[in-house]
Amino acid sequence: MTTILAIETSCDETAAAVITDGRRIRSNIVASQIDLHAQYGGVFPEVASRAHAEAISAVVSQALDAASVRYADLDAIAVTQGPGLVGSLLVGINFAKGLALATDLPLLGINHLEGHIYSLWLTPGFVEPEFPLLALIVSGGHSELALMRCHGVYERIGGTIDDAAGEAFDKVGRLLGLPFPGGPAIERAARNGDPRAFRFPIAKTDGEYDFSFSGLKTAVMRAATAQPTARRNKRERGAERAAALRDDVNIADVASSFQEALTEALAKTTVRAAADFDVRAVLLAGGVSANGLLRRKLAAALDLPLWTPPLALCTDNAAMIGAAAHFRFREGLRSSLDFEARASWRLSEDVYAV
Ligand code: KG4
Ligand code: ZN
């Protein structure tokens, strides 16, 4: 039996979890900063790192207590090394390094995107499919399509060339005056709207499996706000929040049509990639994988098994980092105590090679 304490602080959740054998969640504590960042309409990096520093010690203690585990029961400590906000990552990394030094336990710096993929291994009822698999990771910071050839071996075949899917949800949510984060708020608002009220464009990209969402966001802004974009100056163009909504705009219709266009783009490209690479199953992960329409579209269009995590494991958590760490620990990965945070870090075949 292998028991790992995992720590995650890459963005705006301070999280710690205890995982056994990469599949069993003994505890999973997430201290969300959503209320703190809501006033800014997005994640404010300096506020995030400070909040992590204030919360980390209590969150780790809670994770150990809830699992009834002491340091002596652990086999390793895992922590998110990147990608993410450097100031936030460093809080978790330095805390984990301190623990590893004090306890003499091995330390593993884990890739956050690999963590999202391994949230499926914690999903009740998940049966590991045969490889290769296709993973669609869609969150506030990332939209990636990756082929998974076996445990820990990836080929990134596409991703967003501008905004991440969750980022587009958050920006459009802000534009429509909905609460942060935009994803769940737009999904709620869309329930009362007509997905065909507006025909928002799905951008074409040069890369066969790439996405682009910034044009979609601009189209929503044009449809919903009072000033025509052409007459606004550069500074105003960036300020989605400042643009006034038209009086007659039906927010539910805009939300629903936007959600329709974005999920259609994700689903279409994913289904095409799944066929082209002849994969055995599709794994959907990351915060946007909580979206019901995206799940329904993919499930309807794929003639392959689609695996999705429970809602609590879609958004950032440390349990998924512990699950990924389990497979890395088993294959012998150990990080030195002087490893650094990595702001950007793509999934690739040799993801842990320096
Ligand atoms: O994975 P996550 O917690 O953080 C990152 O790694 O970025 O994802 C957060 C993102 C936010 O942009 C949020 O708006 C989006 O996931 N999200 C959703 C839904 N729930 C969360 N987007 C669409 N529909 C949802 N139900
Ligand atoms: Zn994430």
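Refer to the structure above for everything that follows.
Residues numbered from 1 in each chain as written. Chains lettered and ligands numbered in written order. Predicted model: local features only at pLDDT ≥ 70, side-chain atom pairs only at ≥ 80, totals over all residues. Heavy atoms only, no water.

A.B. asks: I would appreciate a short explanation of the overall build of the chain in the present structure.
C.D. replies: Looking only at helices and strands, the chain features 12 helices and 10 strands. Against the globule reference of 20 Å for 354 residues, the chain gives a C-alpha radius of gyration of 20 Å, in line with a compact fold. For the chain, the spread of C-alpha atoms along the principal axes amounts to about 65 × 45 × 35 Å. When each of the 354 residues of the chain is scored for burial, the buried share is 55%. In the chain, once contacts between residues fewer than 6 apart in sequence are set aside, the share between residues at least 24 apart is 72%. For the chain, the exposed area adds up to about 15,100 Å²; of that, 50% sits on carbon and sulfur atoms. Taking the average place of the 35 positive charges on the side chains of the chain and the average place of its 41 negative ones, the gap between the two points comes to 5 Å. (Helix = DSSP H or I, 4+ residues; strand = E, 2+ residues; numbered from the N terminus. Rg over C-alpha atoms; globule rule 2.2 N^0.38 Å. Buried < 20%, exposed > 50% of the residue type's maximum accessible area, 1.4 Å probe, protein only. Contact = heavy atoms within 4.5 Å. Areas by Shrake-Rupley, 256 points an atom, 1.4 Å probe, with all protein chains shown as cover. Lys, Arg positive; Asp, Glu negative; His and termini not counted. Charge placed at Lys NZ, Arg CZ, Asp CG, Glu CD.)

A.B. asks: How should the pattern of salt bridges be read in this particular structure?
C.D. replies: Side chains that differ in sign of charge can pair as their charged atoms come close. For the structure shown, the criterion picks out 14 salt bridges. Notably, a salt bridge pairs Asp-73 with Arg-70, separated by 3.7 Å at the nearest N-O pair. Between Glu-130 and Arg-280 there is a salt bridge whose closest N-O contact spans 2.9 Å. Here the residue Glu-130 occupies a position in the loop between helix 4 (112-118) and strand 6 (133-138), and Arg-280 occupies one in the loop between helix 9 (251-276) and strand 9 (281-285), the gap between them amounting to 150 residues. With relative accessibility at 57%, the residue Glu-130 sits in the exposed group. For Arg-280, a relative accessible area of 43% puts it in the partly exposed group. Among the ionic contacts, a cluster of salt bridges with common partners joins Asp-163, Glu-167, Lys-171 and Lys-217. (Salt bridge = Lys/Arg side-chain N within 4 Å of Asp/Glu carboxyl O.)

A.B. asks: Just to check I follow, could you spell out the coordination of the zinc ion (ligand 2) for this structure?
C.D. replies: Four donors placed tetrahedrally about a metal ideally form angles of 109.5 degrees, and six donors placed octahedrally ideally form angles of 90 or 180 degrees. Every protein donor of the zinc ion (ligand 2) is listed here as His-112 (NE2), His-116 (NE2) and Asp-316 (OD), and their distances to the metal cover 2.0 to 2.1 Å. Geometry at the zinc ion (ligand 2) is irregular, judged from the 4 donor atoms that bind it and their angles of 94 to 143° at the metal. As a motif over one chain, the donors of the zinc ion (ligand 2) read H-x3-H-x199-D. One end of the pair is His-112 and the other is His-116, both in helix 4 and 4 residues apart, which spans about a single turn. (Donors = N, O, S within 2.8 Å, 3.2 Å for Na, K, Ca; no water. Tetrahedral: all angles 85-135°; square planar, octahedral: opposite > 155°, others 65-115°.)

Geometric values such as these leave the question of function open.
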